[in-house]
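A closer look at the structure
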Amino acid sequence: MKRQTVKHILAFLLAVAASSVGNAEGLTRHVNPLMGTFSSMELSNGNTYPTVCLPFGMNNWAPHTGKIGNGFLYTYQENFLYGFKQTHQASLWINDYGQLSVMPVTRRGNFTEERRRSWFSHKTEVAQPHYYHAYLGDPQVNVELTPTERAAAFRLRFNGGDSAYVVIDACDGGSFVKLLPDQRRVVGYTTKNNGGVTAGFRNYFVITFNRPFLNAAAWKDKQLLDGCRELKDRHVGAIVGFDLKRGETVEMNIATSYISEEQAELNLREIGRRSFDEVRAKAQQTWDAELAKVRVTGGTDDELRTFYTCLYRMLIFPRKFYEVDLKGDTIHYSPYNGRVMPGVLYADNGFWDTFRAQFPFLNLMFPHIVSEIMQGLANTYRESGWLPEWFSPGHRDCMIGQHSASVIADAYLKGIRGFDIGLLYEAICKSTQGIGPVSSVGRKGWYEYNTLGYVPCDVGINQNVSRTLEYAYDDYCIYLLARALNRPKKEQETFRRRSLNYRHLFDDATGLMRPKDSKGRFLSPFNPYRWGDHFTEGNSWQYSWFVPHDVVGLQKLMGGPARFMEKLDSVFTQPQHYDISYYKRGVIHLIREMQNADMGQYAHLNEPMHHVPYLYAFGQPWKAQRLVRTIMSRLYAPRPDGYCGDEDNGQMSAWYVFSALGFYPLSPVSGEYVVGSPLFRHATLQLPSGSTIEIDAPQNSSSNVYVSQFAMNGQLHDSQFIKHCDLTKGAKLFFHMEKSAPTR
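Rules behind the numbers
- Residues numbered from 1 in each chain as written.
- Predicted model: local features only at pLDDT ≥ 70, side-chain atom pairs only at ≥ 80, totals over all residues.
- Heavy atoms only, no water.
- UniProt positions renumbered as here; feature names shortened; annotations may be inferred.
- Helix = DSSP H or I, 4+ residues; strand = E, 2+ residues; numbered from the N terminus.
- Rg over C-alpha atoms; globule rule 2.2 N^0.38 Å.
- Buried < 20%, exposed > 50% of the residue type's maximum accessible area, 1.4 Å probe, protein only.
- Contact = heavy atoms within 4.5 Å.
- Lys, Arg positive; Asp, Glu negative; His and termini not counted.
- Charge placed at Lys NZ, Arg CZ, Asp CG, Glu CD.
- Axes fitted to C-alpha atoms, helices over the stretch in contact; angles between N-to-C directions.
- Parallel < 35°, antiparallel > 145°, perpendicular 65-115°, else oblique.
- Nonpolar A, V, L, I, M, F, W, Y, C, P; charged D, E, K, R; others polar.
- Phe/Tyr/Trp six-rings, centres within 6.5 Å; stacked < 30°, edge-to-face > 60°.
- Lys NZ or Arg CZ within 6 Å of the ring centre and 35° of its normal.
- Domains from an automatic or database assignment.
- Buried area = accessible area lost by both parts, 1.4 Å probe.
- Salt bridge = Lys/Arg side-chain N within 4 Å of Asp/Glu carboxyl O.
- Polar contact = N/O pair within 3.5 Å; in protein donor to acceptor, adjacent residues only side chain to side chain.
- Pairing = 2+ DSSP bridges.
- Core = buried A, V, L, I, M, F, W, Y, C linked by side-chain atoms within 4.5 Å.
- Left-handed = near helix turned anticlockwise from the far one by under 90°.
- pLDDT = per-residue confidence, 0-100.

The name recorded for the protein in an unreviewed UniProt entry is Putative alpha-1,2-mannosidase, from Segatella baroniae F0067. Under the UniProt heading Cofactor (unreviewed entry), the note attached to the protein is "Ca(2+)". Of the comments in the UniProt record for the protein, the one headed Subunit (unreviewed entry) reads "Monomer."

1. Observations regarding the overall build of the protein
On a plain count of helices and strands, the protein comes out with 20 helices and 36 strands. For a compact globule of 744 residues, the expected C-alpha radius of gyration is about 27 Å, and the protein comes in at 26 Å, within 12% of that figure. For the protein, with 744 residues in total, the buried portion stands at 65%. When contacts within the protein are restricted to residue pairs at least 6 apart in sequence, those whose partners lie at least 24 apart make up 69%. A distance of 1 Å separates the average location of the 80 positive side-chain charges in the protein from that of its 73 negative side-chain charges.

2. Observations concerning the packing of helix 7 (residues 358-365) against helix 8 (residues 367-384)
Helix-helix packing is characterised by the crossing angle of the two axes and by the distance between the axes. Running from N to C, helix 7 and helix 8 point in directions that differ by 120 degrees, and their axes come no closer than 6 Å. Taken together, the axis directions place helix 7 and helix 8 in an arrangement best described as oblique. Contacts from Phe-359, Leu-362, Asn-363, Leu-364 and Met-365 of helix 7 reach helix 8 at Pro-367, Val-370 and Ile-373. When grouped by side-chain class, the residues that make up the contact of helix 7 with helix 8 number 7 nonpolar, 1 polar and no charged.

3. Considering the packing of aromatic side chains
Scanning the model with the defined rule gives 50 aromatic pairs in all. Taken together, a centroid distance of 6.5 Å and an interplanar angle of 65 degrees make the contact between Tyr-543 and Phe-546 edge-to-face. Classification of Tyr-543 by relative accessible area gives buried; the value is 1%. On the basis of relative accessible area, Phe-546 is assigned to the buried category, the value being 3%. Here the aromatic cluster, defined as three or more aromatic residues joined through ring pairs, consists of Phe-361, Tyr-614, Tyr-636, Tyr-643, Trp-655, Tyr-656, Phe-658, Phe-663, Tyr-664 and Tyr-673. Between Arg-356 and the ring centre of Trp-352, over which it is positioned, the NZ or CZ distance is 5.0 Å. Sitting over the ring of Tyr-454, Lys-516 keeps its end group 5.5 Å from the ring centre.

4. Focus on the domain arrangement of the protein
Put simply, an interface is often sized by how much accessible area is lost when its parts join up. As assigned here, the protein comprises domain 1 (32-292), domain 2 (298-328 + 611-743) and domain 3 (344-504). Using C-alpha coordinates to define each centre, domain 2 is positioned 25 Å away from domain 3. At the interface, 31 residues of domain 2 touch 34 residues of domain 3. Both sides of the domain 2 and domain 3 interface together cover about 2,800 Å² of buried area, and 69% of this is carbon and sulfur. The largest share of the area that domain 2 buries against domain 3 comes from Pro-318, Pro-668 and Val-669, three residues that together contribute 25% of it. Among the salt bridges present, the one from Asp-348 reaches Arg-319, with a minimum N-O distance of 2.5 Å. Seen at the junction of domain 2 and domain 3, the total is 10 residue pairs in polar contact (both at pLDDT 80 or more). Among the secondary structure elements, those contributing two or more residues to the side of domain 2 that touches domain 3 are helix 5 (301-314), strand 20 (319-320), helix 19 (651-661), strand 29 (663-664), strand 31 (682-686) and helix 20 (724-728).

5. What about the side chain of Glu-125?
Residue placement: Glu-125 occurs in the loop between strand 5 (118-119) and strand 6 (126-128). Polar contacts involving the side chain of Glu-125 include one to the side chain of Tyr-74, which spans 2.7 Å. Here His-122 takes part through its side chain, which lies 2.6 Å from a polar atom of the side chain of Glu-125.

6. Re helix 7
When you tally the buried positions in helix 7, you get 8 out of 8 residues, the bulk of the element. Within helix 7 the residues assigned to the buried category are Gln-358, Phe-359, Pro-360, Phe-361, Leu-362, Asn-363, Leu-364 and Met-365.

7. Description of the pattern of salt bridges
Tallied over the full model, the rule gives 28 salt bridges. Among the salt bridges present, the one from Asp-726 reaches Lys-729, with a minimum N-O distance of 3.8 Å. Judged by its relative accessible area of 60%, Lys-729 is exposed. Each of Glu-149, Arg-150, Glu-270 and Lys-320 takes part in a single network of salt bridges with overlapping partners.

8. Remarks on the sheet that holds strand 31
Judged by pairing direction, the sheet is mixed, and its 6 strands sit side by side in the order 19-31-32-36-33-34 without closing on themselves. Edge positions in the sheet fall to strand 19 (294-297) and strand 34 (715-716), since each has one partner strand and no second. Both strand 32 (residues 692-696) and strand 36 (residues 731-738) contribute to a ladder of 4 bridges, which runs parallel. Opposite Glu-694, over in strand 36, you have Lys-732 as the bridge partner.

9. Details of unusual backbone geometry
Cis geometry marks the peptide bond from Phe-317 to Pro-318; its omega dihedral reads -5 degrees. Inspection of the secondary structure assignment puts Pro-318 in the loop between helix 5 and strand 20. Cis peptide bonds are those with omega within 30 degrees of zero, and the linkage from Ser-524 to Pro-525 qualifies with 0 degrees. In the Ramachandran plot, Asn-649 falls in the positive-phi region, its phi being about 60 degrees despite a non-glycine side chain. With respect to the helices, strands and loops of the structure, Asn-649 is situated in the loop between helix 18 (621-635) and helix 19.

10. Details of helix 17 (residues 589-597)
What helix 17 keeps buried is the set His-589, Leu-590, Ile-591, Glu-593, Met-594 and Ala-597. Contacts made by the buried residues of helix 17 are with helix 14 (540-543) and helix 18. Positive backbone phi, approximately 55 degrees, marks Asp-598, located one or two places after helix 17.

11. Let's talk about the nonpolar core
If you look at the biggest cluster of nonpolar residues, it comprises 221 residues, and the most contacted ones within it are Phe-84, Phe-154, Phe-307 and Leu-733. If you tally residues by element for this core, the top one is helix 12 (residues 464-484), at 10 residues. With sequence-adjacent residues up to four places away left out, Phe-154 is seen in contact with Trp-61, Phe-84, Val-102, Val-143, Glu-144, Leu-145, Val-250, Glu-251, Met-252, Asn-253, Ile-254 and Phe-276. Counting residues in each nonpolar core, the second largest holds 13 residues, with Ala-151, Leu-180, Val-187 and Ala-255 among its members.

12. Notes on the packing of helix 18 against helix 19
Interhelical geometry of helix 18 versus helix 19 gives an angle of 130 degrees and a closest axis separation of 10 Å. Comparing their axes, helix 19 and helix 18 come out oblique. Of the two elements, helix 18 crosses helix 19, and the hand of that crossing is left-handed. Here helix 18 contributes Val-628, Ile-631 and Met-632 to the contact with helix 19, which in turn contributes Trp-655, Tyr-656, Ser-659 and Ala-660.

13. Observations regarding the confidence of the model for the protein
Per-residue pLDDT for the protein has a mean of 95; in total, 97% of the residues score no lower than 70. Note that pLDDT drops below 50 for residues 13-24; the model gives that stretch 14 contacts with residues more than four away or on any other chain.

Below, the structure is given as structure tokens:
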């Protein structure tokens, strides 16, 4: 490499480092977006990607080491980047939609994915919530990007020579580009998706540059079309050249819209005339303000980094799927009916994961966002006739349960308003009596469940035990909501009675939940270690505890509190046996992640067991205290391999954040949190009302994990539960921590 080139690169990297240090006072300095990116099909350490966005923003941006269409968008162990992608991917298993990719190159012929990819190194990578930088070794280009809600700014420094190009890939599946050299811009649309949209789906883009074009052309598949300025085909893109001296930069702004090119132009106003550095500073200010609503001190550097990285992950999904028109009205493209509709809409979430802790946290700290999400759910029902369960951006056929009921009831029962609860209650009830446009919407097996009290194992419906248990919990949510809405007593009683349906599948002989056929006979033979089939991503040892709404009732089934605790102990001491006969592809990543934890049959890697350590609150709370601290220290770290399974839209992170604060929503709609063992010596939660929750544990340390005394607002608190309504008034929580477990 020439000495002058080295000089340019070193100067740039020093400037990047100095800028990062200069902005170090904010809490974004603790966030590592690379946490969870070291994943593969065999083992998930999070399946995350370094997401650059604003909180709940419409678009994410990320470097991609996988080709477009590969759900493994970014994996830390890869050495090449294919580009920088606008992405809406909320899950590897759901994949992406509305994506496009850009990439700087120094050869005009390097517009295809294989030819434009470049070596990069983590040594020169800077990943922050509001900013990303990578040095591309092959073209010798520094790439920086920073976001707004619906747009992004790029700064590209070309260090290798006088040849400079930018490739725009509008992706396959049907795309369009139009080059406007006189205006220094490229416009077009991408239609690429993996479902959840109508036939006319488009993501329109407008791309502007700060320098005139030296040359520009469209391309199709692997063919460069000189002189072509406008092109529509299966897979098209553009390449734009610039006249630069070594070390000079090109700035590029990109905005998108699901509505129209004109709306994308409006969305570009989020950047306006601001410089790259001004956009970056504003993005960091936004993130710092949101993260500062929860301040923790008195932990290790790694604990701080893990905590704030988890908090960052909790503020990404679900994302805004609405835009603001020229009149200032909120509008959205509907992925349900294909029309432009009034009002808000949110997308990209799976309630099977997030009803457990992610949404309870948003209810506590971000109720205004939850109110908007509820408005969006009402619009989803108006536009599709159903409530979503996994939506990206529309209905997707993934996971089980009717946990939209939990999310809605939890919000309403905790005092969040500003939405049509009557319409949402109607929608909830409809879902209990049918199946929607995909099998995950409504209730698969609803008729059998409503008539027999369970989903039988001999009617061609898999995951039948898990469906029964989850429907029973959802019915409890509906019962509480019906009671709050003063619905007829008979209607309330129907859902209260159904909430006890879990009892039908409890087997006295094994002390576990067991499949049962339509004639009321338990499945035989029965192996409680068998994964899948009758259970969702787990086995009977893991799912038998999913009765968060009636733990006392489950204790009675198991023979009383003492027998219950013995059985619970055995979860963590069981051999790590597993039966994979249901899975034709062999050992799945979830089983490997359970093995890695070395905690018996406890599977923190997946959501159905997240509440299980806290079940010890019903008799032996010190065991919960020890366990949650063990899980936090063993299974979370601010590294690329830092999660113990898929991060899942914020839920894996929400478990950590709640647990680190010292309380957890064991049964979200109950309006209570169970007390645990805080990780930090001090925490302050700034509530939307202006009140604060102050949490103090001055004796806290890695060895002092047991709570000998707990006080709330200066008064000793003997209960293992604290009420949501007491916290929202503002509260002072005091934990006296000791090294030895209490004797009671």
